[in-house]
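Summary of the model geometry
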Amino acid sequence: MKLRYGITVLLCGWIFLILAGYVHGADDENCLMCHKYIKMGRVTKDGERKYYYVDESIFSKTVHNRVRCRDCHNYIDRLPHDPVKVGVTCNTECHSIQNPSTKKKFNHKNIYEVYRKSVHGRDKVAKNERDKDKPYCIFCHTNPVYIPDEKELPKEITERCLVCHKDRRFVNHRYAHTGRRIKKVGRSPKEIVELCSICHEREEMLHEHLKIVEEEGGELGKKFLYASESYKESFHWKVIKFGFKEAANCLDCHAEKDNYYLAVHDIRSSRDPGSTTHRGNRVRTCRRCHENADENFLEIDPHPTARKDDNPLVYWVEHVYGLVGDGVTLALIGLMILETIGRRRDGVAWVLRKGSSWRRKSPRGRDRIYL
Ligand code: HEC
Ligand code: HEC
Ligand code: HEC
Ligand code: HEC
Ligand code: HEC
Ligand code: HEC
Ligand code: HEC
């Protein structure tokens, strides 16, 4: 009797602790009871395939591994779940994770607020056609894994931590948390160019987008329609393409260098006096790498094109050079044809023997063979 009573108290206590948030693992809310099944998913009315399967062994290695499912999916409050309207937003406050330095509940609001004011700022559910083309947080970010495999944690370091901290889970987690940031696992310059180019290379979308903005009475930059295409004509891309890391990628010019991880979310248009690409700030931007850059240096276009509407001088020079080049080639071929006709008329034949040469004596005495 006593034993059963004890177990009941323990069980109630445990449930209470879970509810109160004291005991806290990857899946206290038991969402995985259902979501662990691989084939879980459905096809929506619009024919879109949705996957509802969550692989715990992968989720537990991601940067969000200690965030509870319902901290993000806070709209899930009953079973069966109600239809989803907005989904997960990235400015939601975590209830399970405290920021140890500020002692407040953790959130990404600082990034979110900067991003909201940037050229790409939008809500999770786009308010209008214009916003639809812009990237929300999850366009650029997945839920990245800290380290592919725990066995890869460097033993010589984690064992040292263990001497004092004793708890293997504490050490592994804290090491993975800081290790990821120390190792610099961000995108390479080439990957950044590829990320921005997903949109800034989609000609059709860009033209349609410009139309929407103009209808609204707004404006966009001179290079908006061909930002990636033109960047790929520049010297910077020509070296980055081959793996050189020091040349400028999109964010080297379009984001501040200080506080980089926040600044990359603060991309502004070149018409904004506070932007790194505003005429008044450009010298400073180029000087990050080109120490001697001055006003003259700015004449070199980081987005060079040979389009008539963008750069008529280069357009015409390129055209005239093209015409001259074609003319010279044609003239050369013409000369060769005339010369051949002349020689044949002189009776000099083309023979492929003992090397190639024009042979035979001219019956008209116009011998062109020099022996
Ligand atoms: C009893 C089983 C069960 C449990 C427990 C459960 N789910 Fe689900 N969940 C489902 C099923 C079934 C669907 C698919 C519903 C549908 O297709 O309409 C689903 C769908 C979802 C979706 C997708 C909704 C959509 O329409 O896009 C999310 C997100 C989700 N669950 C999150 C959670 C979270 C977070 C928890 C834990 C708090 C949880 N689930 C617990 C069964 C469960
Ligand atoms: C850091 C926040 C975060 C955490 C923690 C998280 N999710 Fe998600 N989850 C997302 C986002 C973002 C999506 C993409 C769908 C969206 O934008 O709403 C998603 C998608 C899903 C989907 C598919 C829904 C759909 O509409 O396609 C399911 C199911 C799901 N999560 C279940 C879970 C379960 C179960 C857990 C806990 C083990 C969990 N999630 C933890 C952020 C999170
Ligand atoms: C246009 C793409 C883009 C969008 C949209 C975006 N980010 Fe980022 N974010 C980046 C890049 C680029 C970095 C720098 C790290 C890298 O190169 O991967 C970064 C870095 C971060 C980091 C730091 C990661 C680390 O390892 O220290 C966080 C956190 C973050 N972003 C959160 C957000 C949130 C929250 C939003 C939405 C409010 C958002 N991002 C929107 C591109 C984007
Ligand atoms: C010589 C003993 C010792 C070693 C070795 C050590 N720590 Fe610590 N660690 C401590 C002490 C003591 C504190 C509390 C310090 C304080 O509050 O000033 C601490 C605090 C921490 C905290 C902050 C915990 C919190 O919640 O505030 C983290 C995280 C941490 N250590 C991680 C590590 C990691 C990772 C390693 C190995 C790379 C490591 N420590 C090695 C003694 C050690
Ligand atoms: C999901 C698509 C998408 C991605 C990815 C994207 N952009 Fe954009 N970007 C847009 C759209 C759409 C606009 C137009 C915004 C508007 O209507 O004001 C824009 C606007 C801009 C502008 C300002 C244009 C102007 O004239 O005001 C700059 C600068 C810019 N993006 C740079 C970048 C950089 C750098 C990256 C990579 C880190 C990037 N974008 C990634 C879609 C994207
Ligand atoms: C070397 C510096 C530099 C690099 C690298 C660079 N840009 Fe630019 N970008 C500029 C400057 C300066 C302008 C303003 C040009 C003008 O209006 O004449 C600009 C203009 C733009 C515009 C038009 C909107 C505006 O603000 O005027 C977009 C969009 C853009 N860049 C996106 C990109 C993308 C995407 C990449 C990478 C593929 C990239 N840029 C690489 C310096 C750079
Ligand atoms: C992140 C660093 C970085 C930034 C910022 C940067 N560049 Fe460069 N740039 C390089 C590197 C590296 C090279 C190639 C190596 C070299 O020539 O020294 C290069 C090469 C060039 C070249 C061709 C070679 C030369 O030196 O003449 C031009 C032109 C150029 N950059 C213009 C600009 C302009 C204009 C800006 C500012 C709008 C700018 N760059 C901003 C790093 C940068």
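Residues numbered from 1 in each chain as written. Chains lettered and ligands numbered in written order. Predicted model: local features only at pLDDT ≥ 70, side-chain atom pairs only at ≥ 80, totals over all residues. Heavy atoms only, no water.

**Some thoughts on the overall build of the chain**
When you go through the chain residue by residue, the secondary structure sums to 17 helices and 4 strands. A buried classification covers 24% of the 371 residues belonging to the chain. The long-range share in the chain, meaning contacts at least 24 apart out of those at least 6 apart in sequence, stands at 45%. With an accessible surface of roughly 27,400 Å², the chain has 59% of that area assigned to carbon and sulfur atoms. (Helix = DSSP H or I, 4+ residues; strand = E, 2+ residues; numbered from the N terminus. Buried < 20%, exposed > 50% of the residue type's maximum accessible area, 1.4 Å probe, protein only. Contact = heavy atoms within 4.5 Å. Areas by Shrake-Rupley, 256 points an atom, 1.4 Å probe, with all protein chains shown as cover.)

**Quick notes on a nonpolar patch on the surface**
Among the surface-exposed residues, Leu 313, Val 314, Val 317 and Tyr 321 lie close enough to one another that they form a single nonpolar patch of about 420 Å² accessible area. Along the chain, Leu 313 turns up in helix H17 (residues 312-345). Among the residues examined, Leu 313 registers a relative accessible area of 63% and is labelled exposed. (Patch = residues over 30% accessible without salt bridge, like charges linked within 9 Å, V, L, I, M, F, W, Y side chains within 5 Å. Salt bridge = Lys/Arg side-chain N within 4 Å of Asp/Glu carboxyl O.)

**Here's the deal with the coordination of the iron atom of ligand 6**
Distances from the iron atom of ligand 6 to its protein donors, His 254 (NE2) and His 303 (NE2), fall within 2.0 Å. Viewed at the metal, the 6 donor atoms of the iron atom of ligand 6 are separated by angles of 85 to 180°, and the geometry they form is octahedral. With a gap of 49 residues between them, His 254 in helix H14 (residues 250-254) and His 303 in the loop between helix H16 (282-287) and H17 connect regions that are remote in the sequence. (Donors = N, O, S within 2.8 Å, 3.2 Å for Na, K, Ca; no water. Tetrahedral: all angles 85-135°; square planar, octahedral: opposite > 155°, others 65-115°.)

**A short note on the site of ligand 1**
What surrounds ligand 1 is a group of 15 residues, the closest being Cys 31, Cys 34, His 35, Arg 42 and His 81. Taking His 35, its side chain carries an N or O atom lying 2.7 Å from a nitrogen atom of ligand 1. Contact distances for ligand 1 include 3.4 Å between an oxygen atom and a side-chain N or O atom of Tyr 52. Taken together, the elements giving at least two residues each to the shell around ligand 1 come down to helix H2 (32-35) and helix H4 (69-72). Looking at side-chain class alone, the shell around ligand 1 contains 9 nonpolar, 4 polar and 2 charged residues. (Near = heavy atom within 4 Å. Polar contact = N/O pair within 3.5 Å; in protein donor to acceptor, adjacent residues only side chain to side chain. Nonpolar A, V, L, I, M, F, W, Y, C, P; charged D, E, K, R; others polar.)

**Description of the coordination of the iron atom of ligand 1**
Around the iron atom of ligand 1, the protein contributes the donor atoms His 35 (NE2) and His 81 (NE2), at 2.0 Å from the metal centre. Around the iron atom of ligand 1, the 6 donor atoms sit at angles spanning 85 to 179°, and that spread fits a shape best called octahedral. Within this pair, whereas His 35 is found in helix H2, its partner His 81 is found in the loop between H4 and helix H5 (109-117), the two being separated by 46 residues in sequence.

**What about the site of ligand 7?**
Taken together, 13 residues are adjacent to ligand 7, and His 236, Cys 286, Cys 289, His 290 and Ile 300 come closest. One of the side-chain N or O atoms of His 236 is found 2.7 Å from a nitrogen atom in ligand 7. In the model, a nitrogen atom of ligand 7 is placed 2.7 Å from a nitrogen or oxygen of the His 290 side chain. Of all elements in the fold, only helix H13 (235-240) and H16 reach the threshold of two or more residues within the shell around ligand 7. Counted by class, the shell around ligand 7 contains 8 nonpolar, 3 polar and 2 charged residues.

**A closer look at the side chain of Arg 122**
Of note, Arg 122 is situated in the loop between H5 and helix H6 (129-132). Put simply, Arg 122 is tucked away with no salt bridge, and the nearest opposite charge, on Asp 131, sits 6.0 Å away. Looking at Arg 122, its side chain comes within polar contact range of the main-chain oxygen of Lys 134, at 2.9 Å. (Lys, Arg positive; Asp, Glu negative; His and termini not counted.)

**Thoughts on the pattern of salt bridges**
Applying the stated criterion to the full structure yields 18 salt bridges. In this structure, Lys 223 and Asp 310 form a salt bridge, with 2.8 Å as the shortest nitrogen-oxygen distance. One end of the pair, Lys 223, is in the loop between helix H11 (203-215) and helix H12 (227-231); the other, Asp 310, is in the loop between H16 and H17, with 87 residues separating them in the sequence. Grouping residues by exposure puts Lys 223 and Asp 310 together as buried. The partner of Arg 268 in a salt bridge is Asp 272, with the nearest N and O atoms 3.4 Å apart.

**Examining the confidence of the model for the chain**
Mean pLDDT over the chain works out to 85, with 84% of the residues at or above the 70 mark. In the model, residues 6-25 has pLDDT below 50 throughout and makes 12 contacts with residues more than four positions away in sequence or in other chains. (pLDDT = per-residue confidence, 0-100.)

**Points about the packing of helix H8 (residues 155-165) against helix H9 (residues 168-182)**
Packing of H8 against H9 leaves a shortest axis separation of 9 Å and a crossing angle of 130°. Classified by the angle their axes make, H8 and H9 are oblique. Of the two possible hands of crossing, H8 and H9 adopt the one that is right-handed. Residues Ile 157, Thr 158, Glu 159, Cys 161, Leu 162 and His 165 of H8 touch H9, and the partners they reach there are Arg 168, Phe 170, Val 171, Asn 172 and Tyr 175. Here the contact of H8 with H9 is composed, by residue class, of 6 nonpolar, 3 polar and 2 charged. (Axes fitted to C-alpha atoms, helices over the stretch in contact; angles between N-to-C directions. Parallel < 35°, antiparallel > 145°, perpendicular 65-115°, else oblique. Left-handed = near helix turned anticlockwise from the far one by under 90°.)

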